[in-house]
Each structure stands twice: as structure tokens, then as C-alpha cells.
Amino acid sequence: MTDVFKALADETRRLILDELATRDGQTLFEICSLLIARHGINSSRQAISQHLTVLESAGLVTVQWRGRSKLHYLNREPLADLTQRWLNPGKDAS
Amino acid sequence: MKIHLTSVFVDDQRAALDFYTDVLGFQAHHDIPIGDDAWWLTVVSPEQPDGAQLLLEPAGHPAVKPYRDALVEDGIPLAQFGVDDVQSEYERLTERGVEFTQPPTDLGNVTMAVFDDTCGNLIQIVDRW
């Protein structure tokens, strides 16, 4: 859970999730293009790649290979756990 | 000074010529044997026959594979071609079996898409350049 909060604490990482929510299954190149064009974020590909690693280790992003390319998908499960904790208390997530 | 030729590495030059002409619609310009199963092989756009040539270069050098694999993994295209309309080109190529790693994407002042050239590269198409 701590990882989820840490991952969500960064604006660029939240924007990455926004873009994956709009269109799931994107390459690093596509994510970088959208961050520049739609949000004016000019971080290097290496920096965005590191953000994706943080999101991945928090379980918010999963990776699947299609052919020789790596696609990133939004995983909403950790977010559902958050709503379970405060918005829906008393109901055991398990 | 002019840019008159640039290149992409291709796994198989004859298959690459087929894809770049039959599927994409370029035309062969030079096709000159230069040794063991290798050709000086270039294509040009029929819209610009005197324009820049694209050299379809053999990918045999050992540095090529790791270089291209790393770029394809991250979805990074190696060349950019200009089209009148990205969406209609996307539909035309998809019908021909071309796989896109990125469908037409509106970036505000330009629409772009990225496809696999079946020769080891990703290629970007844009409608404004």
C-alpha cells in the first residue's frame, strides 16, 4: 500500500496513468509523445522509463509484450483496495 | 548540402523491397548487386522520384540487432514518412496486414502512428512535417 501512495504522489506519474486510462497498452515512445504534446512534460525517455518502473513496482502498471515491443497497461486493482479501505469500510476486500 | 539518401537496416533485402514497394507504395530506384546476396537497394517515393532515397541496408553487422531490439522494445521509430492522411493510411495498411504499435494519435498540431515494417524496424507516419 505504501508503494501505491508513493507512486501516486508524483504529478508526472498521475498523468501517465491518465493517459493509460484514455488508451491502454502503450509503448514508452507513445507515453513520452503524449506527455510532451498534451501536458508539456519534456522529461527524458529515461526519466519516464523510471517513472514507469515505480508504477510497475506499485502494481499500478503491468507490462505485456506484443511481438518485440513492450506495452504498458493500467492496473486498477490497487486503487480498488484504496476505496475499500475508506469508502467501503467494513467490507473485507478478501 | 542536401539530404539525398538515408537508410534503414533490413533483415532480408528482397523481402524488404517487396514490403516497401508492394505494401507501402514506394518504387525501386537502384537495385545493384554488390556481392554475396547483397544489393545497393534504394527506393523513392513516386510522389517525389527525384527526392531523397531510402537505402534498404543489410542488417548483418553485429551491432545492428541489439540497437534495433532496444528501440523496438520501447516503441521508438527509426524513420518518419509523410502522408496526406494518417487515419486513411492506417486503415489501408491495416487491411494489408501491417501491424501498428501505435494507432493514429492526435498530438495537437500533428497526427502520428507507428507501424512495424516487417524488416525489423518501427516506422512513424505523420500528416504534417
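The rules behind each value
Position numbers for residues count from 1 along each chain, tracking the sequence in the order it is written. Working convention: letters from A go to chains and numbers from 1 go to ligands, in the order in which they are written. Selection of residues for local features in this predicted model requires a pLDDT of at least 70, selection of side-chain atom pairs for listing and counting requires 80 or more, and totals for whole chains, interfaces and linings are taken over all residues. For the side-chain quantities, the full set of heavy atoms in the structure was used; hydrogens and water were omitted. Only buried Ala, Val, Leu, Ile, Met, Phe, Trp, Tyr and Cys residues count toward a nonpolar core, and they belong to the same one when joined by side-chain atoms within 4.5 Å. Only protein chains enter the accessibility calculation, which uses a 1.4 Å probe; a residue is then buried when its area is under 20% of its type maximum, exposed when over 50%, and partly exposed in between. Numbering of helices and strands starts at the N terminus; helices are DSSP runs of H or I of at least 4 residues and strands are runs of E of at least 2. Contact between two residues is taken to exist if any of their heavy atoms lie within 4.5 Å; hydrogens are not considered. Patch criteria: residues need more than 30% relative accessible area and no salt bridge. Like-charged residues are merged within 9 Å; nonpolar side chains of Val, Leu, Ile, Met, Phe, Trp and Tyr are merged within 5 Å. Areas reported as accessible are Shrake-Rupley estimates using a 1.4 Å probe. Residue values count occlusion only from the protein chains shown. When a carboxyl oxygen of Asp or Glu lies within 4 Å of a side-chain nitrogen of Lys or Arg, that pair is called a salt bridge. Helix span, expected: 1.5 Å multiplied by one less than the number of residues in the helix. Our arc is simply the arc of the directions from the helix axis toward the C-beta atoms. Pairing between strands requires that DSSP locate at least two bridges from one strand to the other. Axis definition: a line fit to C-alpha positions, over the contact stretch in the case of helices; interaxial angles, taken between N-to-C directions, run 0 to 180 degrees.

- An unreviewed UniProt entry lists chain B under the name VOC family protein, with Egibacter rhizosphaerae as the source organism.

- As annotated in an unreviewed UniProt entry, chain A is ArsR family transcriptional regulator from Egibacter rhizosphaerae.

### Quick word on the nonpolar core
Across soluble globular proteins, you tend to see nonpolar side chains buried next to one another.
Thinking step 1. Formed by 25 residues in total, the largest nonpolar core has its most connected members in Tyr20, Leu24, Leu56, Phe81, Phe115 and Ile125 of chain B.
Thinking step 2. Secondary structure elements with two or more residues in this core: β1 (5–10), α1 (13–23), β3 (39–44), β4 (53–58), β5 (79–82), α3 (86–95), β7 (111–116) and β8 (122–126) of chain B.
Thinking step 3. With five residues, α1 of chain B is the single largest residue contributor to this core.
Thinking step 4. When sequence neighbours within four positions are dropped, the list of residues in contact with Leu24 of chain B reads Phe19, Phe81, Arg92, Leu93 and Phe115 of chain B.
Thinking step 5. Ranked by size, the runner-up nonpolar core spans 19 residues in total, among them Ala7, Cys32, Ala58 and Leu60 of chain A.

### Here's the deal with a nonpolar patch on the surface
Thinking step 1. Side chains of Phe5, Trp86 and Leu87 of chain A sit close together on the surface and give an oily, nonpolar patch of about 380 Å² of accessible area.
Thinking step 2. With respect to the helices and strands, the residue Phe5 of chain A is situated in helix α1 (residues 2–8).

### Focus: helix α4 (residues 45–57) of chain A
All names here are of chain A.
Thinking step 1. An ideal rise of 1.5 Å per residue puts 18 Å on 13 residues; α4 measures up with 18 Å between its terminal C-alpha atoms.
Thinking step 2. By the burial criterion, the buried members of α4 are Ile48, His51, Leu52 and Leu55. Projected onto a plane normal to the axis of α4, the buried residues spread over an arc of 100 degrees and lie on a single side. Among the exposed residues of α4, those oriented more than 90 degrees off its buried face are Gln46, Gln50 and Ser57.
Thinking step 3. Once α4 ends, the next one or two residues include Gly59, with phi positive near 80 degrees.

### Describing the sheet that holds strand β6 (residues 100–106) of chain B
Residue and element names in this part refer to chain B.
Thinking step 1. Strand order in the open sheet formed by four strands is β5-β8-β7-β6, with mixed pairing between adjacent strands. Because the sheet does not close on itself, it has two edges, and the strands there are β5 and β6. The average undirected angle you get between the axes of adjacent strands in this sheet is 20 degrees.
Thinking step 2. Across four bridges, the pairing between β6 and β7 is antiparallel. Directly across from Thr105, in β7, lies its bridge partner Met112.

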